[in-house]
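As a plain string of letters, each chain reads:
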Amino acid sequence: MSAREDPAAMTDGPSEHEVKALVAEAGVPVPRGVVVRGDGFGAARELAGPLVLKAFGPGLTHKSEAGGVVLGLAYEELGDAAAGMRARLEPAGFLVAGFLVEEQAGAGVELIVGLVRDPAFGPVLLAGLGGVWTEALRDTALRLCPVTEADVRGALASLRGAALLDGWRGGPPVDVDAVVKVIMAVGGAGGLWERLELGEFELNPVIAGPSGAIAVDARYLPAEAADRTLATATRATSLPPEAAVRAAGLAPEAAVRAGGFLPLFEPKAVAVVGASTSRPNFGNMFLGFYRDAGVPLVAVHPTAAEVGGVPAVPSLAHADVDYALVAVPAERCAEVVREARGVPFTQVMSGGFGEAGRQDLERELVAAARAAGTRLLGPNCMGVYCPRGRQTFVGGGMGPAGTVALISQSGGLAGEVIKVGERRGLAFSRVVTVGNAADVTPAELLRWLARDAETRAIGMYLEDPRDGRELYEALRTAGKPVVLLAGGRSGQGRRAAASHTGGLVSDRRIWEAVAEQTGATLVSGQDDLIGVLAYFQAHGTRGPGGDRAHGTGTGGGERAHGTGAGGGEQVLVVGPSGGASVLAADAFDRAGVRLDPLPSDRLDALSGLEVVATGNPLEVPVGPLGRAGLVADVIDVLAGPYRDVVAHVNVQAFFTYGNAPEPLYDYTRALAAAQAARPGVRITLVTRNGECAPAGVEDEVGRIAAAAGIPVYRTMEAAAVAVAAGGRHGAA
């Protein structure tokens, strides 16, 4: 599609010379130039050649593609070049309003620096290789504004073409400090991102050389008038008063008096609205869950004295409870919630609100909650799970109280994570589903959980963050490991991009930037969400590795977009020989973890052990005929340099070459003893091919390991993601 055929490209912003005036005022170097609106080019006589001639006018957003740029001109050639340019452009439907003549910049590395306004997270900075390479290589990095100098240098270092900045094949190195200064002028504190009504903004290319950086092209497309209110709101990094109250974990009226979010998770009593005396429905199901959990309970029914053996009251106005679950048709929900005065938290399970296109019903529901002074959870959500507070929305009983929290916009996925996670050894402190998050938001829940003494690690599943800027700030200050699983944001409907920057900014990449800048771990699926939380549950309180005299870092954090290990830690992988070790190295490399060679001063100590090969992965005989304590001895020798030790076994071999599970149990017990002896080391177990074990064997291995605080994974890939997350959190 040509520039003039692209409707987004036809959106006119200021002309290039007007944008460059803004850029120069912000401190970004631009070429010396003059604007010519007639046929005379006398004003360009003082410019030093070679010169660049550029046309400007309505629709000429992409000048190069339209034929509106000529390079390498002498002053005497400007008139003929301008005439030829008009002859090309005007028959194609472009009106030439004038020309910009500039001194041509010297050669250098071409970069792009851009801004775009994300619907949820606000202004986002993009930087990377520019010019003709922008679309061909798409080698760029994103960061949320405002960026710090460390953010900028990290973004530049993450580029695949970063070596070009250091000098390539004998070329001079780029003045990186000058590049950083340009980027900070655009996206740093007080930068252009605060002054522009985005839209989109782009400097492309910025030509960087050994003596500085200069922006030779600039484009700015303001936000449409209907978007400008939102653009102004997302520029601010300070929270509005109501959001600041929510971020502090506070709530209106009764909820504040009752102690923040604690009554949400540990209510003194619960009310269920919507259970039937004649036709069992969702309300009856939840009534049964609560009855089985043993929490003090009341049903709300207009005429019945009891429902399903639970005492009933006619309305929420008669219920002395901390928490009310509402399961009635969407059209009736606001009426019910208006009666919840004195109830700190009201959950609306019902759907049919904003997610179904009924924003009017959702606004009415929020207004009803405000009028009643109750905090609204949902609508369209399953509720809360907290074994400590006997809160539940899943059947089959509750697991043990633990230290892992979960915030989820999907009730179904939260239920899966609870049941599958508990099967794999997770123990939850607080789980909350927020659905449409019309009132209680993920960000304010995260802030509260970050201060919750019962919670050590937090998982989040988000589809529409609802309050992206507030969530970003909450993630930055969480202080506890946070694992993010994001999906479903394509429905927000990003408008067609009119610039390279707009085309290169995707939802996935924004989440990567959020993780990179906040230290959160971004995972791509439910299994990794559970796996990383299991790692933090097991190892979250383990201190530094004591005598880590050889710790030189695992690196990889930049290219892993929030899943790489770092922070001066090393990882050792140890297990049986063969292709599994090679594949293990590949798995950790993909996760962004470098497996450094063994330290030379420890090799002599290994010579007396049954080591097959002294690399990393370290190959040792593990199986039914192997010595159970061998890996523990290896850990004892190498525990100083290595903070993380990943021990893997081929479970299939234990039952192909043996006929009893005891050798596998003995091996696991030896690992457990090694973990107890080395509290500063984080041991992880991978039971490859575990499905080959007889029924119950994997459960017993997991039980032995869990008692020692060792997480267990079935695949090396899952372990690599989890260990990488642990290293990254340590670095952050």
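Structure: see above.
Residues numbered from 1 in each chain as written. Predicted model: local features only at pLDDT ≥ 70, side-chain atom pairs only at ≥ 80, totals over all residues. Heavy atoms only, no water.

Peer 1: Now, about the sheet that holds strand E23 (residues 521-523): what can you tell me, with residues and values included?
Peer 2: Taken together, six strands build an open sheet; the order of strands is E18-E20-E19-E21-E22-E23 and the sheet is mixed. Two strands bound the open sheet, and with one partner strand each, they are strand E18 (384-385) and E23. Running over the sheet, helix H15 (residues 442-451) touches strand E19 (401-408), strand E20 (428-433), strand E21 (457-462) and strand E22 (482-486) and is turned about 175 degrees from E21. (Pairing = 2+ DSSP bridges. Helix = DSSP H or I, 4+ residues; strand = E, 2+ residues; numbered from the N terminus. Contact = heavy atoms within 4.5 Å. Axes fitted to C-alpha atoms, helices over the stretch in contact; angles between N-to-C directions.)

Peer 1: Give me the lowdown on the environment of proline 711, citing residues and values where you can.
Peer 2: With respect to the secondary-structure elements, proline 711 resides in the loop between helix H25 (697-707) and strand E28 (712-713). Once the C-alpha coordinates of proline 711 and valine 686 are considered, the two residues, 25 residues apart in sequence, prove to be 8.5 Å apart. Proline 711 has contacts with Ala534, Tyr535, Ala538, His539, Ile683, Thr684 and Leu685, leaving out every residue within four places of it along the chain.

Peer 1: If you had to explain the pattern of salt bridges to someone new, which residues and values would you point to?
Peer 2: Side-chain pairs of opposite charge can arise where the charged atoms are in close proximity. Under the definition given, this model contains 36 salt bridges. Arginine 430 serves as the salt-bridge partner of glutamate 266, at 2.7 Å between the closest nitrogen and oxygen. Here glutamate 266 is found in the loop between helix H10 (262-265) and strand E11 (270-273), whereas its partner arginine 430 is found in strand E20, with 164 residues between them in sequence. Given a relative accessible area of 29%, glutamate 266 falls into the partly exposed group. You can call arginine 430 buried: its relative accessible area is 2%. Salt-bridge contacts for arginine 678 lead to aspartate 636; the nearest nitrogen and oxygen are separated by 3.4 Å. In this pair, arginine 678 is assigned in the loop between helix H24 (662-677) and strand E27 (682-688) and aspartate 636 in helix H22 (residues 630-638), connecting sequence segments 42 residues apart. (Salt bridge = Lys/Arg side-chain N within 4 Å of Asp/Glu carboxyl O. Buried < 20%, exposed > 50% of the residue type's maximum accessible area, 1.4 Å probe, protein only.)

Peer 1: Run through helix H16 (residues 468-476), naming residues and quoting values.
Peer 2: Burial within H16 is extensive, with eight of its nine residues counted as buried. For H16, every residue scored as buried is listed here: Gly468, Arg469, Glu470, Leu471, Tyr472, Glu473, Ala474 and Leu475.

Peer 1: Tell me about the pairing of strand E14 (residues 310-313), and please be specific about residues and values.
Peer 2: Residues in a regular strand project their side chains so that they alternate between the two faces of the sheet. Pairing geometry for strand E12 (residues 297-300) and E14, over two bridges, is parallel. Bridge pairing in E14 links valine 300 to valine 313. Of the pairings in the sheet, the one linking strand E13 (residues 306-307) to E14 comprises two bridges and is antiparallel in character. What sits directly across from valine 307, in E14, is valine 310.

Peer 1: Tell me about the pairing of E19, and please be specific about residues and values.
Peer 2: A large share of E19 lies buried, amounting to seven of its eight residues. Note: E19 against E20, six bridges, orientation parallel. For valine 404, the partnering residue across the bridge sits in E20 and is phenylalanine 428. Between the parallel pair E19 and E20, the chain is carried across by helix H14 (residues 411-423), and the sense of this crossover is right-handed. (Right-handed = clockwise from strand over helix to strand, strands pointing away.)

Peer 1: Any chance you could break down the sheet that holds strand E4 (residues 98-103) for me, citing the residues and the numbers?
Peer 2: Pairing is antiparallel across the open sheet formed by four strands, whose spatial order is E1-E4-E2-E3. With partners counted over all chains shown, the strands left at the sheet margins are strand E1 (33-36) and strand E3 (69-73), one partner each. Between one strand axis and the next, the sheet turns by 20 degrees as a mean value, whatever way the strands run. Strand direction decides the pairing type here: strand E2 (residues 51-56) and E3, joined by three bridges, are antiparallel. Each residue of the ladder has a partner; that of leucine 51, found in E3, is leucine 73. Across the face of the sheet, helix H3 (residues 78-89) comes into contact with E2, E3 and E4 while running at roughly 35 degrees to E2.

Peer 1: Can you lay out the packing of aromatic side chains for me, pointing to particular residues and giving the numbers?
Peer 2: Applying the stated criterion to the full structure yields eight aromatic pairs. Members of the aromatic cluster, connected to one another through ring pairs, are Phe261, Phe265, Phe345 and Trp448. (Phe/Tyr/Trp six-rings, centres within 6.5 Å; stacked < 30°, edge-to-face > 60°.)

Peer 1: Would you mind going over the nonpolar core in detail, with residue names and values included?
Peer 2: Counting 106 residues, the largest nonpolar core has Leu264, Met460, Leu484 and Phe588 as the members making the most contacts within it. The biggest single contributor to this core is helix H26 (residues 716-731), with eight residues. When near neighbours in sequence (up to four residues on either side) are disregarded, methionine 460 contacts Leu406, Ile407, Pro442, Leu446, Leu471, Leu475, Val482, Val483, Leu484, Leu485 and Leu529. If you look at the next biggest cluster of nonpolar residues, it comprises 40 residues, including Leu125, Ala185, Leu192 and Tyr220. (Core = buried A, V, L, I, M, F, W, Y, C linked by side-chain atoms within 4.5 Å.)

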